Amino acid sequence: MSKTWRPATQLVHGGTLRSQFGETSEAIYLTQGFVYDTSEAAEARFKGETDGFIYARYGSPTNDMFEKRMCALEGAEDARATASGMAAVSAAILCQLKAGDHIVAARALFGSCRWVVETLAPKYGIECTLVDGRFVENWEKAIRPNTKVFFLESPTNPTLEVVDIAAVAKLANQIGAKVVVDNVFATPLFQKPLELGAHIVVYSATKHIDGQGRSLGGVILSDKQWISENLQDYFRHTGPAMSPFTAWTLLKGIETLPLRVTQQTANAAKVADFLAEQTNKVARVIYPGRKDHPQADIIAKQMSGGSTLVAFELKGGKEAAFKLQNALEIVKISNNLGDSKSLITHPATTTHKNLTDEARAELGISPGTVRFSAGIEDSEDLVEDFARALALVSA
C-alpha cells in the first residue's frame, strides 16, 4: 500500500488482504476463532511473540482490512472497529479514565454522547463539566488539576457549530489531557482532527462510511501507543467489537465515500442557499459552506469542504416543522444521517428530546429547528421538493 495514494485510491485498495484464491472483492472471514499448527504456536501467539489472530472479539482479517483502510484515510497509526458509533464514543472516553478524573466536554453533543459524559461517567466517579465549546476561553476556565479528557464534536449535532480543534488541543497538551473528537459531521474527507492536534478520533461508521442505511458500526483511531496502553485491554475484555460481516459491508461502502460525499455536499449547499432565500418562512440557515456561518473563519482554517448537513429554523415553530417534513416527498423523515437518501428530522422531538427545554435553548435548538441530511439525488429535485413543501407552511 503506497502512502502517496490519494484518498479515493486508498479507499478502494488500502489495507486489502487476499487469500490464496486471489479474490477481487475482500473476503468475509466469518469465524469466531483461529487454529494453530502446534501447541507451541498457540502459546507464542497468546504471548504476543508472533503475529496473527486469536479470537474474533479481538480482531479478524476482515476487520483488520477496514481498520487499516480507515487509518490510511485518517492518517492514524492504529484503529479499532466497534459495533456502533456509540460503542466507539463510550470506549474512547471510558478506557482512559478512572474514578476521580475529570472530563471537559462541549455542551453541543449528540444526545447519547452527552448522556455518556453527563450521566454515565459520574456513576463511576468521573466528573464532567460542559462548556460552550465555541469559545476557547471556556475550555481553559473549566480545567481542573484532575482534567484528563476534552471531548467535542465539530461541526456539532444538530446546529453545526464549530470548535477550534487546534486551540483546544494546544490547551490539552499543556496539561497532559487527551482530546477526543467526534468527526462524523465533517467526514474524514473534509477535516483531519489528528493533523490539527487531536489525539483520538471517533466515527459512527453507520453514517457516511456505510452511508446506505445498512449497517451499524463505529471506529476509534489514534496512535499505536495510546491504543496499546488504554484501549486494547478495554476492547478485548468488554467486547464492543464489530462483526466481520459488518466490516465487509463497510469496506464496500467506503469505496464510494468520496463520490457520495461530494454529491451530498453539493446538494446540501444548494438546498442551504435555497432555504436562505425563503426569509418569510425560514428564520435562519446554518451551513458550514456558507460565508454567513457565524464561525466561517474557523471553518476556513480547519475544514476543506462544507458538510452534508444543513440546520435551519422555521418561523412557525414545531407546527411548521412538522408540516414541512410531512409534506416532503423525496426527503424522508429519519433520525439517521449521512445516507445516500436525503433525510430530515426534528431534533427537539427526536435526537435531543431528552434534554430539558433550557438545555435545548442553550444549544440553539428551538421548536422550529430542523436538520436536513442531503443524499445523492438530483439537486434540482431536492430544491423543488422543499419549494413545494414550504408553500404549504404558513408564514
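Procedures and definitions
- Residues numbered from 1 in each chain as written.
- Predicted model: local features only at pLDDT ≥ 70, side-chain atom pairs only at ≥ 80, totals over all residues.
- Heavy atoms only, no water.
- Helix = DSSP H or I, 4+ residues; strand = E, 2+ residues; numbered from the N terminus.
- Contact = heavy atoms within 4.5 Å.
- Axes fitted to C-alpha atoms, helices over the stretch in contact; angles between N-to-C directions.
- Parallel < 35°, antiparallel > 145°, perpendicular 65-115°, else oblique.
- Left-handed = near helix turned anticlockwise from the far one by under 90°.
- Pairing = 2+ DSSP bridges.
- Buried < 20%, exposed > 50% of the residue type's maximum accessible area, 1.4 Å probe, protein only.
- UniProt positions renumbered as here; feature names shortened; annotations may be inferred.

## So, the environment of L189
Here's step 1: Within the element layout of this structure, L189 appears in helix α8 (residues 187-190).
Here's step 2: In the structure, L189 is positioned 73 residues away from T262 in sequence and 9.4 Å away in space, judged by C-alpha atoms.
Here's step 3: What L189 contacts, discounting residues up to four positions off in sequence, is P7, L73, L257, P258, V261 and S304.

## Let's talk about the packing of helix α12 (residues 257-276) against helix α16 (residues 379-390)
Here's step 1: It is the contact of α12 with α16, at a shortest axis distance of 9 Å, that shows an interaxial angle of 30°. In terms of axis orientation, α12 runs roughly parallel to α16. When you trace α12 past α16, the crossing you get is right-handed. Touching N267, K270, V271, F274 and L275 of α12 are S379, E380, L382, V383, F386, A387 and L390, all from α16.

## Some words on the sheet that holds strand β8 (residues 282-286)
Here's step 1: Spatial ordering of the open sheet is given by β8-β9-β12-β11-β10, a layout of five strands whose pairing is mixed. A strand with exactly one partner marks an edge of an open sheet, and here the two such strands are β8 and β10 (332-333).
Here's step 2: Examined bridge by bridge, strand β11 (residues 343-345) and strand β12 (residues 369-373) share three bridges and lie antiparallel to one another. Following the sheet pairing, I344 is matched in β12 by F372.
Here's step 3: Helix α14 (residues 317-327) contacts β9 (309-314), β10, β11 and β12 of the sheet and is inclined by roughly 130° relative to β9.

## Details of the environment of Q212
Here's step 1: As for its placement among the helices and strands, Q212 is situated in the loop between α9 (206-210) and β7 (218-222).
Here's step 2: Each C-alpha atom, one on Q212 and one on G375, is 9.7 Å from the other, the two residues being 163 residues apart in sequence.
Here's step 3: Excluding its chain neighbours within four sequence positions, the residues that come into contact with Q212 are G253, T256, R260, D339 and S340.

## Focus: unusual backbone geometry
Here's step 1: For the bond running from S154 to P155, omega is -10°, close enough to zero to count as cis.
Here's step 2: Its location among the elements puts P155 in the loop between β4 (147-153) and α7 (165-175).
Here's step 3: Residue P158 follows N157 across a cis peptide bond; omega there is 5°.
Here's step 4: Looking at the secondary structure, you find P158 in the loop between β4 and α7.
Here's step 5: Positive phi is not limited to glycine here, since L160 has a value of about 55°.
Here's step 6: Residue L160 is classed as buried on the basis of its relative accessible area of 0%.

## Points about the sheet that holds strand β6 (residues 200-204)
Here's step 1: Judged by pairing direction, the sheet is mixed, and its seven strands sit side by side in the order β1-β7-β6-β5-β4-β2-β3 without closing on themselves. Each edge of the open sheet is held by one strand with a lone partner, namely β1 (78-82) and β3 (127-131). Going across the sheet, the axis of each strand differs from the next one's by a mean of 20°, ignoring polarity.
Here's step 2: With four bridges connecting them, strand β2 (residues 102-106) and β4 associate as parallel partners.

## Concerning the UniProt feature "modified residue: N6-(pyridoxal phosphate)lysine" (unreviewed entry) in the chain
Here's step 1: Taking the numbering used here, the UniProt-annotated feature "modified residue: N6-(pyridoxal phosphate)lysine" (unreviewed entry) corresponds to K207.
Here's step 2: If you trace the backbone, K207 turns up in helix α9.
Here's step 3: On the accessibility criterion, K207 (17% relative accessible area) is buried.
Here's step 4: Ignoring sequence-local partners within four residues, the contact set of K207 consists of V184, N336, L337 and G338.

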